[in-house]
Amino acid sequence: MQVSYMLTYSDYKDALRLHYSKKGKWTSPMNLFSFTPAIGSLLIVCALVEYFHDKDSFLANNPPGLLCIPLFFLLFPVFYSFTLKKQFKGSFPHGKTDRQLTIDIDDERIIAETPGFSETKILWQAIDRFAQNAKVTMLYTAEMRFIYFPTRSLSDAQRTELNDLVARHGVKRKP
């Protein structure tokens, strides 16, 4: 079974969501960063309440530099998003994300290929776990290392064939 696909930034985020959802809901940095704007907003509200309550005390005890902390909490998800995009682009040769990728899966091995740049051959013995949802399919070679591709690139027959191969080789499904 050979599948050609193009990865997008949303596919990368979907793979990370699936990975972290399988590790435990609260281990995901995506969940952590969803709370930081609320913390930043709360800090700003507290600073404004103190300012309107006692203007002299606020200016004397809180230099303007202390406003950097709430702003940092407010902007942290933006920094995280920027870092994820940079990480996604860095996983492609020369940062060009518009490349057609290919994965060839059969009973003996898995070959992941970026035509003209690289070809990786992985035997089934190296596949530790398998995870799949409606958006992304992931084959793990280690706890934090995986090959992923969009599930939409698989036909129903290919999806069934992949599930049969995974079952035949005794690869654990990620709980």
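Structure's up top.
Residues numbered from 1 in each chain as written. Predicted model: local features only at pLDDT ≥ 70, side-chain atom pairs only at ≥ 80, totals over all residues. Heavy atoms only, no water.

S.K.: Which parts of the structure should I look at to understand the packing of aromatic side chains?
M.R.: Between two aromatic rings, the relevant description is the distance of the centres plus the angle of the planes. Taken as a whole, this structure holds seven aromatic pairs when the rule is applied. Both rings, one in Tyr12 and one in Tyr148, keep their centres 6.2 Å apart while their planes meet at 45°; by these two values the pair is tilted. Highlighted residues: Tyr12 in helix H1 (residues 9–23) and Tyr148 in strand S7 (residues 145–150), separated in sequence by 136 residues. Grouping residues by exposure puts Tyr12 and Tyr148 together as buried. Taking the centre distance of 6.1 Å and the plane angle of 65° together, the rings of Phe146 and Tyr148 count as edge-to-face. Take Tyr148: its relative accessible area is 11%, and that puts it in the buried class. Each residue in the set Tyr9, Tyr12, Phe88, Phe92, Tyr140, Phe146 and Tyr148 is aromatic and connected to the rest through ring pairs, giving one cluster. One residue, Arg129, lies across the ring of Tyr140, its end atom 4.8 Å from the ring centre. (Phe/Tyr/Trp six-rings, centres within 6.5 Å; stacked < 30°, edge-to-face > 60°. Helix = DSSP H or I, 4+ residues; strand = E, 2+ residues; numbered from the N terminus. Buried < 20%, exposed > 50% of the residue type's maximum accessible area, 1.4 Å probe, protein only. Lys NZ or Arg CZ within 6 Å of the ring centre and 35° of its normal.)

S.K.: Help me out: how do you make sense of the nonpolar core in this one?
M.R.: The tendency in soluble globular proteins is for nonpolar side chains to be buried as a group. In this structure, Ile105, Met138 and Tyr148 are the most contacted members of the largest nonpolar core, which totals 36 residues. Counting only elements with at least two residues in this core, the list comes to strand S1 (2–5), H1, helix H4 (68–90), strand S2 (101–105), strand S5 (129–132), strand S6 (136–142), S7 and helix H5 (156–168). When residues in this core are grouped by element, the largest group, six residues, is from H1. Not counting chain neighbours up to four residues away, the residues in contact with Ile105 comprise Met1, Ile110, Trp124, Leu139, Phe149, Leu162 and Leu165. (Core = buried A, V, L, I, M, F, W, Y, C linked by side-chain atoms within 4.5 Å. Contact = heavy atoms within 4.5 Å.)

S.K.: I keep staring at H5 and nothing clicks. Help me out?
M.R.: Compared with the 18 Å implied by 1.5 Å per residue over 13 residues, the 18 Å span of H5 between its first and last C-alpha is a close match. Turning to H5, its buried residues number three or more, namely Gln158, Leu162, Leu165 and Val166. One face of H5 carries all of its buried residues, which in axial projection span an arc of 100°. Turned more than 90 degrees away from the buried face of H5 sit Asp156, Ala157, Ala167 and Arg168, all of them exposed. (Expected span 1.5 Å × (residues − 1). Arc of directions from axis to C-beta.)

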